[in-house]
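# Coordinate analysis (summary)
If you want the building blocks of each chain, they are given just below.
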Amino acid sequence: MYDAYDALELAKYIVTKCIKDGCPISNLQLQKTLYFIQRQFLKNKGHVAFYDEIQAWQFGPVVRNVYAYFCAFGGMPIEFPLEYIEPKFSWYNDDDKRLVDSIVEKCRALDPWALVNATHRKDGAWDRTYHAGTGFKQPINVEWIKNDG
């Protein structure tokens, strides 16, 4: 059995990395980055990166507990003092870290609304779940995420 990462600890890693690299990201960017990490783990490794469900919210996929943890920043870059958010986990292998780092670096370089547009593709996983608002906050099917894009 594969042990997946905890989504909140993974998010703390992402935020910490971005702050240390001088490229802090917003909660919106973080949510989309987590979505793309989940998708790549499913495609490349055949399993989830984390078990926490991804829900279909108005502005795209959201991991609810991660959103709640960082929501005080609104649309601004997350800039916690690092001692408060240092993640409490270790990588299962270097390949996982390389994959996550590459996705983080790619996503943080994009405009946040470009990330929203990328997750809002017609007939994509978010669109199929959100379904013009009737699926608001419903979990996005993991197989749909895997086959998205």
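Relevant structure appears above.
### Notes on the pattern of salt bridges
Counted under the stated rule, the structure contains nine salt bridges. Of the charged contacts, one joins Lys12 and Glu9 as a salt bridge, the two residues approaching to 3.3 Å between their closest N and O atoms. In this pair, Lys12 and Glu9 are both assigned in helix H1 (residues 7-20), three residues apart and thus about one turn of the helix distant. With respect to burial, Lys12 and Glu9 carry one shared label: buried. The shortest N-O distance in the salt bridge between Asp21 and Arg108 comes to 2.9 Å. One end of the pair, Asp21, is in the loop between H1 and helix H2 (27-45); the other, Arg108, is in helix H5 (residues 94-108), with 87 residues separating them in the sequence. For Asp21, a relative accessible area of 36% gives the class partly exposed.

### Examining the packing of H2 against helix H6 (residues 112-119)
Helix-helix packing: each pair is described by the crossing angle between the helix axes and the interaxial distance. Running from N to C, H2 and H6 cross one another at 40°; their axes reach a closest spacing of 9 Å. If you check the angle between H2 and H6, you find them oblique. Read as a crossing pair, H2 and H6 show a hand that is left-handed. Facing Leu28, Gln29, Lys32, Tyr35 and Phe36 of H2, the residues of H6 in contact are Pro112, Trp113, Leu115, Val116, Ala118 and Thr119. For the contact of H2 with H6, the class distribution of residues is eight nonpolar, two polar and one charged.

### Points about the environment of Asp96
Its location among the elements puts Asp96 in helix H5. Asp96 sits 59 residues away from Ile37 along the chain, and the two C-alpha atoms are 9.9 Å apart.

Thresholds, definitions, all that
Residues numbered from 1 in each chain as written. Predicted model: local features only at pLDDT ≥ 70, side-chain atom pairs only at ≥ 80, totals over all residues. Heavy atoms only, no water. Salt bridge = Lys/Arg side-chain N within 4 Å of Asp/Glu carboxyl O. Helix = DSSP H or I, 4+ residues; strand = E, 2+ residues; numbered from the N terminus. Buried < 20%, exposed > 50% of the residue type's maximum accessible area, 1.4 Å probe, protein only. Axes fitted to C-alpha atoms, helices over the stretch in contact; angles between N-to-C directions. Parallel < 35°, antiparallel > 145°, perpendicular 65-115°, else oblique. Left-handed = near helix turned anticlockwise from the far one by under 90°. Contact = heavy atoms within 4.5 Å. Nonpolar A, V, L, I, M, F, W, Y, C, P; charged D, E, K, R; others polar.

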